[in-house]
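Residue-level structural notes
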Amino acid sequence: MNPDRFINEIMRSAEFDIVSHAIFYPEPFLRQKHCHVHYQVSYMAAGSNLIQVSGHEFVLKEGDVMFVRPGQWHGPGRNARRERAELMQVKFTLGKSSPLRMPDLVHVDSRMEYEAVFQRMLLEFHMRRPLRESMLRSCLAQLVLILCRSVGGFSRKLPSKPSPALSVRDELKVRKAMEWILLHYRERIRMEDIAAAAGMSASGLSHSFKKLAGEAPVRYLVDYRLSQALGLMERTDEKLDAIAEAAGFSDAGYMSRMFKKRFKQPPRQYLRLLSGAK
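Described below are features of the structure shown in this document. Computed from a prediction, not measured in an experiment: that's the story for all the values here.

Looking at the overall build of the chain
- Per the secondary structure count, the chain includes 10 helices and seven strands.
- A compact globule built from 278 residues should have a C-alpha radius of gyration of about 19 Å, and the chain, at 19 Å, falls within 12% of that.
- Projected onto its principal axes, the C-alpha coordinates of the chain cover approximately 50 × 45 × 40 Å.
- Counting over 278 residues, the chain shows a buried share of 49%.
- Considering only residue pairs separated by 6 or more positions, the chain has 76% of its internal contacts joining residues 24 or more positions apart.
- Here the chain displays about 14700 Å² of accessible surface, and carbon together with sulfur accounts for 51% of that area.

Dropping the structure here:
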């Protein structure tokens, strides 16, 4: 498998129909068999569902990716039940055909890596900032590359990103800290709590975290909370106070300050943009 042509076409012409993070229940993930002109990459973050792709039935379960090509029929399995599904997905079109051989269903080898890319795409898709399309295309290219890495079988080895100067032991501790943040982001968290979960000192974790993730643990936590707040603004009609609490912020005022600092606009302005787009 050589994804170079596909990646080049993504960077040249990819246009995005939707990037979403949604929970389906009791509403089903797939209502009926259908096809469309988009590519679709769907990542099951939690739950499971019985699906059909091109006449073959699969159980799409937690940690699986479904890759659907334009014109490929897909829908619910014959005996699919209405089960809870937490799904991250992107639909996009390309300017010309650049086929990529990819299994319909892939069980990924690094869930955090996929979820981090999708969260970044969600931020870019919903914020109308300069260079939005270029950032989205870059994220999509990264998503396809790590999917190809999960599948394996390349015609040539892809160049890998230079590895940070961390020991394997320290890298595992940082990843443990990241996982802990994703599990506990709704709680009141201090730097000492994250460090204790990773089994490191606060200063040691901060140094190693920046080398691996490119930002401090507290910034990583705030960014993740903001991404959750964005998703809630998109999917619900909750007030800012409720959204702030659900996303782990101490109050709506603090969330608004972080939101404006990160996205250069207050959340109320973003909500107006959302309502205007619907």
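Brief notes about the nonpolar core
- Phe16, Val90, Met121, Leu140 and Leu143 are the most contacted members of the largest nonpolar core, which has 35 residues in total.
- Top contributing element to this core by residue count: helix H3 (residues 132-151), with nine residues.
- Among the nonpolar cores identified, the runner-up in size contains 21 residues, and Leu182, Ala195, Ala197 and Tyr220 belong to it.

Some details on the pairing of strand S6 (residues 85-93)
- Counting buried positions over the nine residues of S6 gives eight, a clear majority of the element.
- Summarising the sheet, strand S1 (residues 15-24) and S6 pair through nine bridges and their orientation is antiparallel. Across the sheet, the residue bridging to phenylalanine 24 is alanine 85, located in S6.

A short note on the packing of aromatic side chains
- Scanning the entire structure with this criterion turns up eight aromatic pairs.
- For the pair tyrosine 39 and phenylalanine 92, a centre-to-centre distance of 5.2 Å together with 15° between the ring planes defines the contact as stacked. Residue tyrosine 39 is found in strand S2 (residues 39-53), and its partner phenylalanine 92 is found in strand S6; the two are separated by 53 residues along the sequence.
- The exposure class of phenylalanine 92 is buried, given its relative accessible area of 0%.
- Chaining the aromatic ring pairs together yields one cluster made of Phe6, Tyr39, Phe67 and Phe92.
- Against the face of phenylalanine 125 rests arginine 132, its NZ or CZ located 5.0 Å from the ring centre.

Structural notes on helix H1 (residues 4-13)
- For H1, the full list of buried residues reads Phe6, Ile7, Glu9, Ile10 and Ser13. Along the long axis of H1, the arc covered by the buried residues comes to 160°, so they all point the same way. In H1, those exposed residues whose orientation departs by more than 90 degrees from the buried face are Arg5, Asn8 and Arg12.
- On its buried face, H1 sits against S1, S2, strand S4 (64-68), S6 and H3.

Re helix H7 (residues 217-235)
- In this model H7 runs 27 Å from its N-terminal to its C-terminal C-alpha over 19 residues, within 8% of the 27 Å that 1.5 Å per residue would give.
- Burial of H7 is extensive: 15 of the 19 residues sit out of reach of the surface.

Considering the packing of H7 against helix H9 (residues 252-263)
- Running from N to C, H7 and H9 cross one another at 100°; their axes reach a closest spacing of 11 Å. Relative to H9, the element H7 is oriented roughly perpendicular. Where H7 approaches H9, its residues Arg219, Val222, Asp223, Leu226, Ala229, Leu230 and Met233 are matched on the opposing element by Tyr254, Met255, Met258, Phe259, Arg262 and Phe263.
- Of the residues belonging to the contact of H7 with H9, the class tally is 10 nonpolar, no polar and three charged.

About the criteria used
Residues numbered from 1 in each chain as written. Predicted model: local features only at pLDDT ≥ 70, side-chain atom pairs only at ≥ 80, totals over all residues. Heavy atoms only, no water. Helix = DSSP H or I, 4+ residues; strand = E, 2+ residues; numbered from the N terminus. Rg over C-alpha atoms; globule rule 2.2 N^0.38 Å. Buried < 20%, exposed > 50% of the residue type's maximum accessible area, 1.4 Å probe, protein only. Contact = heavy atoms within 4.5 Å. Areas by Shrake-Rupley, 256 points an atom, 1.4 Å probe, with all protein chains shown as cover. Core = buried A, V, L, I, M, F, W, Y, C linked by side-chain atoms within 4.5 Å. Pairing = 2+ DSSP bridges. Phe/Tyr/Trp six-rings, centres within 6.5 Å; stacked < 30°, edge-to-face > 60°. Lys NZ or Arg CZ within 6 Å of the ring centre and 35° of its normal. Arc of directions from axis to C-beta. Expected span 1.5 Å × (residues − 1). Axes fitted to C-alpha atoms, helices over the stretch in contact; angles between N-to-C directions. Parallel < 35°, antiparallel > 145°, perpendicular 65-115°, else oblique. Nonpolar A, V, L, I, M, F, W, Y, C, P; charged D, E, K, R; others polar.

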